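Structural overview for review
What follows is the residue order along each chain.
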Amino acid sequence: MDLELIAARLGVGREDIERVERLAGERRPAVLPGKNSAPEVLGRLGVGAQDTAEILTGWPEDGSPLWTDELRWLLDRSVALVRADLGGYGWLVPGPELPRGRGVAWRHLYVYAFLALIDDVMGYHRAHGVPEAVSWATLADLGRNLEVDRRMRGEGWPVMQSWLTLHWRGGVYELGRLQHQRGGVGDVDLHVPDSGPLTLAAVDASLDEAQAFFPRHFPDEHYMHFACGSWLLDPQLLEFLPETSNIVRFQRRFELEPYEEPEGIDADVEVRRFVFRDLSTPLELLPQDTALRRAVVRHFQVGGHFQWRKGRFPIG
């Protein structure tokens, strides 16, 4: 198909389509699990009942009127694009942001792409001796992110579709309370999923597990530090929260780097995304049912802003 026509029909920029075509390379069709087995697979991926029903409704079956030639083209190429970087651990955009209001096939296109990549990532994990339980716990972040996106009324997925390519290329592993991202400069980057309290014991257990995991499964990669880049490391939080706060205890682990304005990251947006799971509700209507939420609202109301900070601490 003509790339300009594909872009026009999808309602995206031609440069987005040219990028997908360039990075995808291969031309073979994407192959998903059978639809009959899909509910079991989606369950293992942590996908809830409402999202599962939508995903099955839009399933890319041959002859489905929901799947136009250009939509199928994008599915095939997006799968190939992610597969081409299997083993990668950098940020990767699988394809353009689609107008998701055009139907379930459009809304969940990248979910279908991830389903088509399960055998690839599981094979990569097996080749590195990663236990199956860790594989499924890691990939179940798909369901968690779909649920968060639902809570955010569709405002979350454009970021999440790129974030999840890390899981599906073998770049991120969920080990207990934290997610651990392989890196290229001696650091294991830490991420904090929305999965319960960030307790001292849970963090310690996750770090201990990671210290054994990476030398065992990636012996050629040598890591010296745990690192993190997050609004959770904003020193201003120490003014708002008590010393006994889990966030404060987490932040105290790190030696912070000097502050630099992050490129492409708005810390205020990230705080709203993670603290409230909401980007558009007026401040006065946001819930203030925790000390953190009350402090964030007050900080915004007096014209304050948050910082995205980076820090690290030695492994071992």
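Thresholds applied
Residues numbered from 1 in each chain as written. Predicted model: local features only at pLDDT ≥ 70, side-chain atom pairs only at ≥ 80, totals over all residues. Heavy atoms only, no water. Helix = DSSP H or I, 4+ residues; strand = E, 2+ residues; numbered from the N terminus. Rg over C-alpha atoms; globule rule 2.2 N^0.38 Å. Buried < 20%, exposed > 50% of the residue type's maximum accessible area, 1.4 Å probe, protein only. Contact = heavy atoms within 4.5 Å. Lys, Arg positive; Asp, Glu negative; His and termini not counted. Charge placed at Lys NZ, Arg CZ, Asp CG, Glu CD. Pairing = 2+ DSSP bridges. Core = buried A, V, L, I, M, F, W, Y, C linked by side-chain atoms within 4.5 Å. Right-handed = clockwise from strand over helix to strand, strands pointing away. Polar contact = N/O pair within 3.5 Å; in protein donor to acceptor, adjacent residues only side chain to side chain. Axes fitted to C-alpha atoms, helices over the stretch in contact; angles between N-to-C directions. Parallel < 35°, antiparallel > 145°, perpendicular 65-115°, else oblique. Nonpolar A, V, L, I, M, F, W, Y, C, P; charged D, E, K, R; others polar. 1 Å grid on protein atoms, 1.4 Å probe; cavity = no way out; pocket = protein on both sides within 12 Å on 5 of 7 lines; lining within 4 Å. Points joined across faces, edges and corners; volume = space filled by probe spheres on them.

**What to know about the overall build of the protein**
Scanning the protein from terminus to terminus reveals 16 helices and 6 strands. Over its C-alpha atoms the protein spans a radius of gyration of 20 Å, differing by no more than 12% from the 20 Å that the globule rule assigns to 316 residues. Principal axes of the C-alpha set define a box for the protein whose edges measure 60 × 50 × 35 Å. A buried classification covers 52% of the 316 residues belonging to the protein. The long-range fraction of contacts in the protein, counting pairs at least 24 apart against all pairs at least 6 apart in sequence, stands at 70%. Of the charged side chains in the protein, 35 are positive and 47 negative, and the gap between their average positions amounts to 2 Å.

**Comments concerning the sheet that holds strand 3 (residues 187-191)**
Taken together, 6 strands build an open sheet; the order of strands is 1-2-3-4-6-5 and the sheet is mixed. At either end of the open sheet lies a strand with only one pairing partner, and these are strand 1 (172-175) and strand 5 (255-256). Bridging between strand 2 (residues 178-181) and strand 3 involves 3 bridges; their strand directions are antiparallel. Bridge pairing in strand 3 links Gln179 to His191.

**Description of the nonpolar core**
Core analysis: the biggest nonpolar cluster contains 56 residues, and Leu45, Leu115, Leu142 and Trp168 have the highest contact counts within it. Residues within four places of Leu115 in sequence aside, it is in contact with Leu32, Pro33, Val41, Leu42, Leu45, Ile55 and Trp59.

**What about the pairing of strand 4 (residues 225-230)?**
In this sheet, strand 4 lies alongside strand 3 in parallel orientation, the contact comprising 3 bridges. Looking at strand 4, one finds that Asp187 is bridged to His225. In terms of handedness, the path from strand 3 via helix 12 (residues 200-217) over to strand 4 forms a crossover that is right-handed. Pairing geometry for strand 4 and strand 6 (residues 309-314), over 6 bridges, is antiparallel. Looking at the pairing, Cys228 lines up with Gly311 of strand 6.

**Digging into the side chain of Ser230**
For Ser230, the location among the structural elements is in strand 4. Polar contacts involving the side chain of Ser230 include one to the main-chain amide nitrogen of Leu232, which spans 2.9 Å. Filtering out sequence-adjacent residues up to four positions away, Ser230 remains in contact with Gln307, Trp308 and Arg309.

**Brief notes about the packing of helix 4 (residues 49-57) against helix 10 (residues 141-151)**
Contact pair helix 4 / helix 10: the axes reach a minimum separation of 10 Å and the direction vectors enclose 100°. Considering their axes alone, helix 4 and helix 10 lie roughly perpendicular with respect to each other. Residues Gln50, Asp51, Glu54 and Ile55 of helix 4 lie in contact with helix 10, whose contacting residues are Leu146, Glu147 and Arg150. Partitioning the contact of helix 4 with helix 10 into residue classes produces 2 nonpolar, 1 polar and 4 charged.

**Thoughts on the layout of surface pockets**
Any space left empty among the atoms is revealed by the rolling of a water-sized probe across them. Here the second largest pocket is characterised by a volume of approximately 270 Å³. Every residue lining the second largest pocket is counted, 18 residues in all, and those nearest its centre are Pro33, Leu115, Ala116, Ile118 and Asp119. Among the elements of the structure, helix 3 (38-44), helix 7 (109-116) and helix 8 (118-127) are those that each provide at least two residues to the lining of the second largest pocket. When residues of the lining of the second largest pocket are assigned to their parent elements, the largest contribution, 5 residues, is made by helix 8. Of the residues assigned to the lining of the second largest pocket, the class counts are 11 nonpolar, no polar and 7 charged.

Fair warning: the whole summary comes from geometry, so function is off the table for now.
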